Structures are given as C-alpha cells and as structure tokens.
Amino acid sequence: MTEPQTRICILGGGFGGLYTALRLSQLPWQKSEQPEIVLVDQNDHFLFLPLLYELLTNELQSWEIAPAFADLLKDTNVQFCQGIVSEIDIENKQVKLQDDLQISYDYLVLAMGGETALDKVPGAKDYAIPFRSIADAYRLEEQLRRLETLDQDKIRIAIVGGGYSGVELACKLADRLGTKGRIRIIEQAEEILKTSPEFNQESARNALLNRQVWIDLETTVAAVEVNKISLEYRGEIDEIPVDLVLWTVGTQVSPLVRSLPLKHNQRGQIVTTSTLQVIDHPEIFALGDLAESQDADGQKIPTTAQAAFQQADYTGWNLWALLTRRPLLPFRYINLGEMMTLGTNNATLTGLGIKLEGQFAHLTRRLIYLYRFPTFDHQIRVAFNWMTKPLQDFLISIDQKMADRE
Ligand SMILES: Cc1cc2nc3c(=O)[nH]c(=O)nc-3n(C[C@H](O)[C@H](O)[C@H](O)COP(=O)(O)OP(=O)(O)OC[C@H]3O[C@@H](n4cnc5c(N)ncnc54)[C@H](O)[C@@H]3O)c2cc1C
Ligand SMILES: NC(=O)c1ccc[n+]([C@@H]2O[C@H](COP(=O)([O-])OP(=O)(O)OC[C@H]3O[C@@H](n4cnc5c(N)ncnc54)[C@H](OP(=O)(O)O)[C@@H]3O)[C@@H](O)[C@H]2O)c1
Ligand SMILES: C/C(=C\Cc1cc(O)c2ccccc2c1O)CCC[C@H](C)CCC[C@H](C)CCCC(C)C
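For clarity, every value in this text was computed on a predicted model and none was experimentally measured.

1. Here we look at the overall build of the protein
Here is step 1: The helix and strand inventory of the protein stands at eleven helices and 24 strands.
Here is step 2: Computed over its C-alpha atoms, the radius of gyration of the protein comes to 23 Å, within 12% of the 22 Å expected for a compact globule of 406 residues.
Here is step 3: For the protein, with 406 residues in total, the buried portion stands at 50%.
Here is step 4: In the protein, 66% of the contacts between residues at least 6 apart in sequence involve partners at least 24 apart.
Here is step 5: A gap of 3 Å separates the mean positions of the 39 positive and 54 negative side-chain charges of the protein.

2. What to know about helix H6 (residues 164-177)
Here is step 1: The end-to-end C-alpha separation of H6 is 20 Å, in line with the 20 Å expected for 14 residues at 1.5 Å each.
Here is step 2: Counting buried residues along H6, ten of its 14 residues qualify, which places the element largely inside the surrounding structure.
Here is step 3: Those residues of H6 that sit buried are Gly166, Val167, Glu168, Leu169, Ala170, Cys171, Lys172, Leu173, Ala174 and Leu177.
Here is step 4: Positioned one or two residues after H6, Gly178 has a phi angle of 60 degrees, which is positive.

3. Observations concerning the side chain of Glu168
Here is step 1: Within the secondary structure, Glu168 sits in helix H6.
Here is step 2: Within the buried set, Glu168 has no salt-bridge partner at all; the shortest N-O distance to an opposite charge, 4.3 Å, is to Arg365.
Here is step 3: For Glu168, the side chain forms a polar contact with the side chain of Tyr53, separated by 2.6 Å.
Here is step 4: Aside from chain neighbours lying at most four places away, what touches Glu168 is Tyr53, Met339, Met340, Thr341 and Arg365.

4. A word on the sheet that holds strand S14 (residues 228-233)
Here is step 1: Here three strands make up an open sheet; going across it, the order is S13-S14-S15 and the pairing antiparallel. Both outer strands of the open sheet, strand S13 (219-224) and strand S15 (236-241), are each paired with one neighbouring strand and no more. On average, each strand axis in the sheet is tilted by 30 degrees relative to the strand beside it, whichever way the strands run.
Here is step 2: Bridging between S14 and S15 involves six bridges; their strand directions are antiparallel. Bridging from a neighbouring strand, Tyr233 pairs with Glu236 of S15.

5. A short note on the sheet that holds strand S6 (residues 102-104)
As a general point, the strands of a sheet are linked pairwise by backbone hydrogen bonds and lie either parallel or antiparallel.
Here is step 1: Overall, antiparallel pairing links the three strands, which are arranged S4-S5-S6 in an open sheet. At either margin of the open sheet sits one strand with a lone partner, and together these are strand S4 (85-89) and S6. Here the average twist between neighbouring strands, direction ignored, is 20 degrees.
Here is step 2: Two strands pair when backbone bridges link them, and S4 and strand S5 (residues 94-97) are joined in this way by four bridges, in the antiparallel orientation. Each bridged residue has a counterpart across the sheet, and for Asp89 the counterpart in S5 is Gln94.

6. Quick look at the site of ligand 3
Here is step 1: In the vicinity of ligand 3, 17 residues are found, and the nearest of them are Glu338, Gly351, Leu367, Tyr369 and Arg372.
Here is step 2: Between Tyr369 and ligand 3, the recorded distance is 2.6 Å, taken from a side-chain N or O atom to an oxygen atom.
Here is step 3: Taken by itself ligand 3 offers 770 Å² of open surface, and the protein chains cover 79% of this.
Here is step 4: Secondary-structure elements contributing two or more residues to the shell around ligand 3 are helix H9 (305-323), strand S22 (338-341), strand S23 (347-351), strand S24 (354-358) and helix H10 (359-372).

7. So, helix H7 (residues 198-210)
Here is step 1: When the terminal C-alpha atoms of H7 are compared, their 18 Å separation across 13 residues agrees well with the 18 Å that a helix rising 1.5 Å per residue should span.
Here is step 2: For H7, the complete set of buried residues consists of Asn200, Gln201, Ser203, Ala204, Ala207 and Leu208. Each buried residue of H7 sits inside an arc of 165 degrees when the element is viewed along its axis, so together they form one side. Facing away from the buried side of H7 by over 90 degrees, the exposed positions are Leu209 and Asn210.

8. Quick notes on the pattern of salt bridges
Here is step 1: Within the structure shown, the criterion is met by 23 salt bridges.
Here is step 2: Where Arg365 meets Glu54, a salt bridge forms, and the shortest distance between an N and an O atom there is 2.9 Å. A residue pair is termed long-range when its members are at least 10 positions apart, and Arg365 in helix H10 and Glu54 in the loop between strand S2 (36-41) and helix H2 (62-65) qualify at 311 residues.
Here is step 3: According to the relative accessible area criterion, Arg365 is buried, its value standing at 1%.
Here is step 4: For Lys194, the salt bridge goes to Glu187, with nearest N and O atoms at 4.0 Å.
Here is step 5: Residue Lys194 is classed as exposed on the basis of its relative accessible area, which comes to 56%.
Here is step 6: Members of the salt-bridge network, linked through shared partners, are Glu54, Glu59, Lys172 and Arg365.

Calculation criteria
Residues numbered from 1 in each chain as written. Chains lettered and ligands numbered in written order. Predicted model: local features only at pLDDT ≥ 70, side-chain atom pairs only at ≥ 80, totals over all residues. Heavy atoms only, no water. Helix = DSSP H or I, 4+ residues; strand = E, 2+ residues; numbered from the N terminus. Rg over C-alpha atoms; globule rule 2.2 N^0.38 Å. Buried < 20%, exposed > 50% of the residue type's maximum accessible area, 1.4 Å probe, protein only. Contact = heavy atoms within 4.5 Å. Lys, Arg positive; Asp, Glu negative; His and termini not counted. Charge placed at Lys NZ, Arg CZ, Asp CG, Glu CD. Expected span 1.5 Å × (residues − 1). Salt bridge = Lys/Arg side-chain N within 4 Å of Asp/Glu carboxyl O. Polar contact = N/O pair within 3.5 Å; in protein donor to acceptor, adjacent residues only side chain to side chain. Pairing = 2+ DSSP bridges. Axes fitted to C-alpha atoms, helices over the stretch in contact; angles between N-to-C directions. Near = heavy atom within 4 Å. Areas by Shrake-Rupley, 256 points an atom, 1.4 Å probe, with all protein chains shown as cover. Arc of directions from axis to C-beta.

This is how it looks when you write it as structure tokens:
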C-alpha cells in the first residue's frame, strides 16, 4: 500500500514563499518521496515589489511586474490556492482560509510578509494611501489622474516616511508631475535613508534636491484629514494643506502572525534557527519580513526582498533535506548591496565595491531585476517587451500623428 503523500503548505507567494515553492519543485525528488506542494496567497498574482514604482510613470506595465501564479507555476508540480489565511492551528497542523476552506499540512512555510502600520496616527487609515500592493498603486494612479485633470496650480503630496519607499516614490512622482507637483517627505528621524550606504544616500539627496522635493526631518504626523495634515516639529503643530498623503512608514508584522503560539521577538517577528526552522517546531519554516533569523555567521537578516530571495533557496533545500533524510544547511546571507530608483531613467546602486548612479545604474538595476524574475518564461516575455518597446513607442507615435491629421 503506498504511503499518503507528504504535504508542504506554503503561506504567502511573495519573495519568500513563491521562490521557496519554485526551488522545491526544481529539486531531484524520488517518485516515492515527491511531496504535494501547496502555495497559498490572497492574490492571484506575484508582485515584484521593487518595480512597483514604475507603474506610476508608465515605465512598466502590470503584467510585467505582477505575473499570475497560474502562469508562473504552470510547468511545476506546485498547486496554487487563492485565499486569505485567517487561522493557523499549529497543534492540529491545519490552515484555515477566510472562505472556511481548511488545508492540513505535514510541513508549513510561513512567508506572509508584513504590512504597513496605518493604525498609529489618527486619520491615516482613512485618508493616507500605503504603497505595498498593486491595489495601492491603482488607488494612487486614480487619485493622480483626478488631480491632474483639475485646474489647480499645484498638486500637493505629503509622503510620510523618508526611508527607501518614501524616497523612491517621491522621485517617481516628481518626474511624473513636473512643475505641477509640490512634494514633501516627512521623516521622524534626523536623516532620510539612515540605513543606506553613504553613496546611495548622497545620490538620493541630490535627486530629491534636483526635483525640488521638500524634506521635513525630525517631524512626525499628529493627524491626517481629508485635505490637510498636522505635522509636529519640536512640540509645535503645523497644519499643512495637502491633496494626497502617502504612507511609507515601514513594515510591521500582521496580527495573525503575532497571535501564533510561537516564539516572537519584540517586533512580533517569528524567531527561527539558522536553518530557518521555527524554534521548537522543526516542521515549520519561517522566512522574509515576518521572521527574525540570524544566519550561520550570526548576521542579523534585513527585512528585504534580497534577503527573502536568498532565504527561499535555503528553505527549499532544507525541506528537501528533511524529507530525504539529508543534513540541513544553515542559512548564509550575502549582502550584495542596494539599488534604488531615483526617478525615470535614474537610479543608484552600491554593491560588491561598485558604485553607480544615473542612467547606467538604471539600466543595471533593470537587468538585475530581470534576472531575478521568478521564471525563465517570464524573463523572456518581459525582455522581449523591453527590447521592442522603442519600436512600439515609435509605431504608437506614428498612429497618433495619423489620427491627429484626420
Ligand atoms: C514599495 C516597496 C519597494 C521595495 N523595494 C525593495 C527593493 O528594491 N529591494 C529589496 O530588497 N526589498 C524591497 N522591498 C522590501 C521587500 O519587498 C520585502 O522585504 C519582501 O517582499 C519580503 O518578502 P516576503 O516574502 O517576506 O513578503 P512579501 O514579498 O510581501 O510576500 C508576502 C505574500 O503573502 C501574501 N499574504 C500576506 N498575508 C496573507 C494572508 N493573510 N493570506 C494569504 N496571503 C497573504 C501577500 O499577498 C504576499 O504575496 C520593497 C518593499 C516595498 C513595499
Ligand atoms: N531599494 C530598496 O532596497 C528598498 C526599497 C523599499 C523598501 N525596502 C525595504 O523594505 C522595508 C520597508 O521599507 P520602507 O521604506 O517602507 O520603510 P523603512 O526603510 O523602514 O523607512 C520608514 C521610515 O519612516 C520613518 N517613520 C516611521 N513612522 C513615521 C511617522 N509616523 N512619521 C514620520 N516618519 C516615520 C521611519 O523612522 P524610524 O526608522 O525611526 O521608525 C523610517 O525612517 C525596509 O526593510 C527596506 O529595507 C528596500
Ligand atoms: C545590489 C545588487 C543586488 C542586491 C539585490 C537588491 C535588490 O533590491 C533585490 C530585490 C529582489 C531580489 C534580489 C535583490 C538583490 O539581490 C546588485 C549588485 C550588482 C553588482 C554591483 C554588479 C554590477 C554589474 C556591473 C556594474 C555592470 C553590469 C552591466 C549590465 C548593464 C548589467
């Protein structure tokens, strides 16, 4: 009688979960050992978050950065299940989705990422727009189009949070709006991009200066309302009229993850061993933004796509090792550096001793991200589109000229 198939359930199809599923499907399984791999995500698509900004300037299209899981997984043995995870019963090894579907598992991978903290400032939840999903980008796009049609002198945008997302967003919006835009970044710390390499910080400061983006340092937000924001600086409150408030204040762990009966750190992240297994639960792996792990050399792992991408390789390998009775590998994080977009056709890159900025950094960043796309098939489709885009734009312009003549 054949043994029932072992089931690996992966919760979250982002940089941690999707890349773990793809890695698992590529490993050499004996037929008798082949597990059932189930990937669960609330969305029907993956989202290459580092390129989300490019939707706002029409540099990229949604299908390029948010391919459907069905397409990405079509040549694999991974089963995709769309649904919102609402409960995780560690004791009975059961996952419950919001539509009451239940999935039992033998091994679990927790990779549901983080969320934007909108609950700490009055009005933020109602009037501020986070920037973490395709839906957020579409919501922002809709607001921008509404404001661009109005006959008002300036479009006033406040971006709360002067970290990576806030700075990259400010540069993109400044390039989109041009002289019509009046953009300000509100940062509570003494400096923007405080964890970024000095070269990238300098490039970003110059890019923001060249785009007349105003920066309020050591400033917090007391409240957000429909058309104004109250800023607090050294005890003084100032009310500023705004048309849009964007909320890029960093990542926090979701209540669902915080509530799990597992070891958490002070930020609510799940603590793992260097093999990315959850403390006291070797049958559960956790990676990406929701996990805290130290690697084999004791390095603390940052909450970045780069780290989740590398962890996925080890999570896939270690699950295979566990099921085929091989030794597991302790995760070794390799910090390859950092890249940031700073407007259209402009970027900065520091990595492996190399520092680039401007258009060459922009090209390099794009090519590296193309290489990091989840499947070869998607890489080819996007690469072809990028190579033929100048011709597409030329033909569109010809069409436009002919339409104008009629
Ligand atoms: C705008 C932006 C730009 C960024 N740019 C960079 C960059 O250039 N370089 C870099 O290194 N990092 C970047 N990051 C950070 C990086 O995106 C994250 O660190 C990375 O995505 C974390 O990977 P993850 O797998 O933990 O989570 P994610 O990639 O966020 O994936 C989590 C997945 O879980 C799903 N999910 C969550 N909750 C549930 C639920 N309850 N039920 C079902 N599914 C659920 C989500 O839909 C999502 O698909 C950026 C972040 C943002 C917001
Ligand atoms: N290009 C890239 O590599 C890239 C791009 C985007 C995101 N990421 C990664 O993704 C994660 C999230 O990035 P992020 O830019 O969203 O967050 P982030 O890098 O943590 O920056 C958020 C900034 O907002 C500040 N802040 C928080 N609450 C605030 C408030 N109420 N008012 C004013 N300022 C406030 C934070 O200050 P405090 O630090 O004092 O809280 C911080 O400086 C990070 O780990 C980052 O490394 C990387
Ligand atoms: C900084 C680099 C990689 C780290 C990294 C950053 C991310 O934001 C990611 C997001 C999602 C997944 C993975 C990552 C990620 O790994 C790149 C370092 C590149 C080196 C500096 C080498 C640079 C190449 C040469 C200068 C020239 C290449 C020319 C050609 C146009 C490509």
